[in-house]
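# Remarks on the overall topology
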Amino acid sequence: MPASILARRDRVCLENGFDLRLLSALEVLQARREAEELAKGDRERALCSNACLLARALERSEDQTPVFAGGQEVLAGLTVEEIAALAGRWSAFSRENDPGLELSGQALEEVKKNSAPTPASGCAGGC
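Summarised in this report is the structure supplied together with it. (Residues numbered from 1 in each chain as written. Predicted model: local features only at pLDDT ≥ 70, side-chain atom pairs only at ≥ 80, totals over all residues. Heavy atoms only, no water.)

Right, let's talk about the pattern of salt bridges for a bit. Taken as a whole and judged by the stated rule, the model has seven salt bridges. Note that Glu27 is salt-bridged to Arg21, the shortest N-O span being 2.5 Å. Here Glu27 matches Arg21 in class, with each residue buried. (Salt bridge = Lys/Arg side-chain N within 4 Å of Asp/Glu carboxyl O. Buried < 20%, exposed > 50% of the residue type's maximum accessible area, 1.4 Å probe, protein only.)

This is the structure we're talking about:
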């Protein structure tokens, strides 16, 4: 995923050779869809959702490659407690670094200014 235009940081180091990174909206949708296929009932949905999210968010620090190929590998490789702890850490990291609707008017204007494409002609629209 390219760097987020709003996030303060896109990844957090877990200090064990792994990172958690923010996910794009598409990646979150893909994780949800994969979790729906894995879960065999309502009681399994949260665990499967967290596993599929982690499959996309957990990467090796050294080369930023995924640790797991998918949610099923996460379920096979981690305990329920590990999945819950990592998903909680990702959720907190995401809330801290994705300002969402909490931007002040001035901060929102700054983001708009910094993300607007520059005019191709070199004039500011007056030509």
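A separate point is the pairing of strand E2 (residues 18-21). The pairing of strand E1 (residues 11-13) with E2 spans three bridges and is classified as antiparallel. Paired with Arg11 across the strands is Arg21, a residue of E2. Linking two consecutive strands that pair antiparallel, namely E1 and E2, is a turn of four residues; a positive phi of about 60 degrees is found at Glu15 within it. (Pairing = 2+ DSSP bridges. Helix = DSSP H or I, 4+ residues; strand = E, 2+ residues; numbered from the N terminus.)

Let's shift gears to the nonpolar core. Of all hydrophobic cores here, the largest spans 19 residues; its most connected members are Leu20, Leu54, Leu58 and Val74. Sorting the residues of this core by element identifies helix H2 (42-57) and helix H4 (80-97) as the ones contributing at least two each. The dominant element in this core, judged by the number of residues it contributes, is H2, at five residues. Apart from residues no more than four positions distant in its own chain, Leu58 is found in contact with Leu14, Phe18, Asp19, Leu20, Thr65, Pro66, Val67, Phe68 and Leu86. Counting residues in each nonpolar core, the second largest holds six residues, with Ala31, Ala39, Cys48 and Cys52 among its members. (Core = buried A, V, L, I, M, F, W, Y, C linked by side-chain atoms within 4.5 Å. Contact = heavy atoms within 4.5 Å.)

Since the α-helix advances by 3.6 residues per turn, residues separated by three or four positions end up pointing in the same direction. Over its 14 residues, helix H1 (residues 25-38) extends 20 Å from the first C-alpha to the last, a length consistent with the 20 Å expected when each residue adds 1.5 Å. Of the positions making up H1, those classed as buried are Glu27, Ala31, Glu34, Ala35 and Leu38. Buried residues of H1 fall within an arc of 105 degrees about the axis and therefore sit on the same side. Away from the buried face of H1 by more than 90 degrees, exposed residues Ala25, Arg32, Arg33 and Glu37 are located. Looking at the buried side of H1, the elements it contacts are E2, H2 and helix H3 (71-77). (Expected span 1.5 Å × (residues − 1). Arc of directions from axis to C-beta.)

Note that all results are geometric; they support no functional claim without further evidence.
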